[in-house]
Amino acid sequence: MNPKENAARKALELIQSGMILGLGTGSTAERFVRALAEEVAKGLTVVGIPSSKETEELAISLGIPLSTLEEHGKVDLTVDGADEVDPSFNLIKGLGGALVREKILASVSRGMAVIVDSSKLTDRLGSRSPVPVEVIPYGVAPCRRKLEEMGASVALRLAGSAPFVTDNGNQVLDARFKQIPDPAGLESQINDIPGVVGNGLFIGMADTVIVGTEEGATVKRKGDRG
Ligand code: 5RP
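For every chain, the first residue of the written sequence is number 1, and numbering continues from 1 along that sequence. Where local features are concerned, this predicted model is filtered to residues with pLDDT of at least 70; where side-chain atom pairs are given and counted, the filter is 80 or more; whole-chain, interface and lining totals use all residues. Values shown for side chains rest on all heavy atoms present in the structure; no hydrogens or waters enter the calculation.

Trainee: What is the right way to read empty space enclosed by the protein from this model?
Mentor: If a probe as big as a water molecule is rolled over the atoms, it shows which places are left empty. A pocket here means an open set of points on a 1 Å grid, computed over the protein atoms alone, that has protein on both sides within 12 Å along at least five of seven lines. A cavity is instead a set of points where a 1.4 Å probe fits but cannot get out; residues with an atom within 4 Å of a point line either one. Grid points are joined across faces, edges and corners, and a volume is the space filled by probe spheres set on the points. The full count for this structure, using the stated rule, is one cavity of 30 Å³ or more. Of the volumes computed, that of the largest cavity is approximately 40 Å³. Residue lining of the largest cavity: Ser 51, Ser 52, Gly 97, Ala 98, Leu 99, Val 100, Arg 101, Glu 134, Thr 166, Asp 167 and Asn 168, and that is the complete set. Per element, the largest residue contribution to the lining of the largest cavity is three residues, and it comes from helix H4 (residues 99-107). Charged means Asp, Glu, Lys or Arg here, nonpolar means Ala, Val, Leu, Ile, Met, Phe, Trp, Tyr, Cys or Pro, and polar covers whatever is left, Gly included. For the lining of the largest cavity, the residue count by class is three nonpolar, five polar and three charged. The residues that make up the lining of the largest cavity include at least three from each of domain 1 (3-122 + 203-213) and domain 2 (131-197). Under the scheme used here, helices are H or I runs from DSSP no shorter than 4 residues and strands are E runs no shorter than 2 residues, and both carry numbers assigned from the N terminus. All domain edges in this entry derive from an automatic or database-based domain assignment.

Trainee: Just checking my understanding: could you explain the sheet that holds strand S8 (residues 153-156) for this structure?
Mentor: Strands belonging to one sheet form pairs held by backbone hydrogen bonds; the direction of such a pair is parallel or antiparallel. Any two strands with at least two DSSP-identified bridges between them are counted as paired. The strand order across the open sheet built from four strands is S8-S11-S7-S12, with neighbouring strands paired in antiparallel fashion. The open sheet is flanked by S8 and strand S12 (196-199), the only strands paired with a single partner. Strand-to-strand twist across the sheet, computed as the mean angle between neighbouring axes with direction ignored, equals 25 degrees. One ladder, built from five bridges, connects strand S7 (residues 131-135) with strand S11 (residues 171-176); its direction is antiparallel. Directly across from Val 133, in S11, lies its bridge partner Leu 173. Across the face of the sheet, helix H6 (residues 183-191) comes into contact with S7 and S12 while running at roughly 160 degrees to S12. Fitting a line to C-alpha atoms yields each axis, with helices limited to the stretch in contact; the angle taken between N-to-C directions then spans 0 to 180 degrees. Residues are treated as being in contact if the distance between any of their heavy atoms lies within 4.5 Å.

Trainee: What is the right way to look at the site of the ligand in this model?
Mentor: Surrounding the ligand, one finds 18 residues, the nearest of these being Ser 27, Thr 28, Asp 83, Gly 94 and Lys 120. Between the ligand and Gly 94, the relevant distance is 2.8 Å, taken from an oxygen atom to a main-chain nitrogen or oxygen of the residue. Between the ligand and the protein, one listed contact pairs an oxygen atom with a backbone N or O atom of Ala 98 at 3.0 Å. The Shrake-Rupley method, run with a 1.4 Å probe, gives the accessible areas here. Residue values count only the displayed protein chains as cover. Here the ligand has 380 Å² of accessible area as a free molecule, and 91% of this is covered by the chains. Mapped onto the shell around the ligand, the elements with two or more residues apiece are helix H2 (27-41) and H4. Think of it this way: one heavy atom of a residue within 4 Å of a molecule or strand is enough to make that residue near it. Two N or O atoms count as a polar contact when they lie within 3.5 Å, although within protein this holds only if one can serve as hydrogen donor and the other as acceptor, and sequence-adjacent residues are included solely when both atoms are side-chain atoms.

Trainee: Any chance you could explain the sheet that holds strand S15 (residues 217-221) here in plain terms?
Mentor: In space, the six strands of this open sheet follow the order S2-S1-S3-S6-S14-S15, with mixed pairing throughout. With one partner strand each, in any of the chains shown, strand S2 (47-50) and S15 form the two edges of the open sheet. Along the sheet, successive strands turn relative to each other by an average axial angle of 20 degrees, direction set aside. In this sheet, strand S14 (residues 208-212) lies alongside strand S6 (residues 112-117) in parallel orientation, the contact comprising five bridges.

Trainee: It is not clear to me how the nonpolar core should be interpreted in this structure. Could you clarify?
Mentor: Among buried residues, the Ala, Val, Leu, Ile, Met, Phe, Trp, Tyr and Cys ones that are joined through side-chain atoms within 4.5 Å form a nonpolar core. Residue exposure (1.4 Å probe, protein chains only): buried if accessible area is under 20% of the type maximum, exposed if over 50%, otherwise partly exposed. Ranked by internal contacts, the top residues of the largest apolar core, which has 25 residues, are Ile 15, Leu 21, Phe 32, Leu 36, Val 46, Val 79 and Ile 115. Broken down by secondary-structure element, the contributors of at least two residues to this core are helix H1 (3-11), strand S1 (20-23), H2, helix H3 (53-62), strand S3 (77-80) and S6. Take this core: its biggest share by element is six residues, from H2. Counting residues in each nonpolar core, the second largest holds 19 residues, with Val 135, Leu 173, Ile 193 and Leu 201 among its members.

Given below as structure tokens:
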């Protein structure tokens, strides 16, 4: 089976009836939502809180009951994909554009399980992926200059020939850094730029990483050896 499918299906083992679930965004998270819907159809009772309009529409179409962060102050578990995962379970997320809502959900979740294939594992964050930075439209040019002053090569994300627009009505600058020696420091430094709404560095948020392969999936929990 497909590695992303295997990771997504393995995540079902973490789900219990009665849970409030954060539902991520992206192709791996979509596989999880579809697999979850099969369990809901068989009688699993969960409530999902989606991280994007795309996931919301998918979950509704599949019959997963949904709620909001107004109704629930805490989420039991968020299951989401990632673009890079380092050995400390720090992440780069947001190539799908839902980084700000995904980070809000993760921040109120008791647990965050990341579902990936092995291509997402990296020794050092930033080795393949840029850091997505969501910026209000008025601030795009100054934010871009600030990120460049910080050493990044920056590209405005496009959807066709127009700027990509997030669910929050903002734009995304993809900032590629040669090295990220201090991911937590960089996360704060980027967030301090006026106009920045959030960035795709998720530091200390994930506690479980599920790595799918063609044959199956491995569950790694924070603190496990090896
Ligand atoms: C969306 C994300 C995705 O989780 C990330 O881009 C991984 O996507 P995929 O599962 O399609 O590889 O952060 O904002």
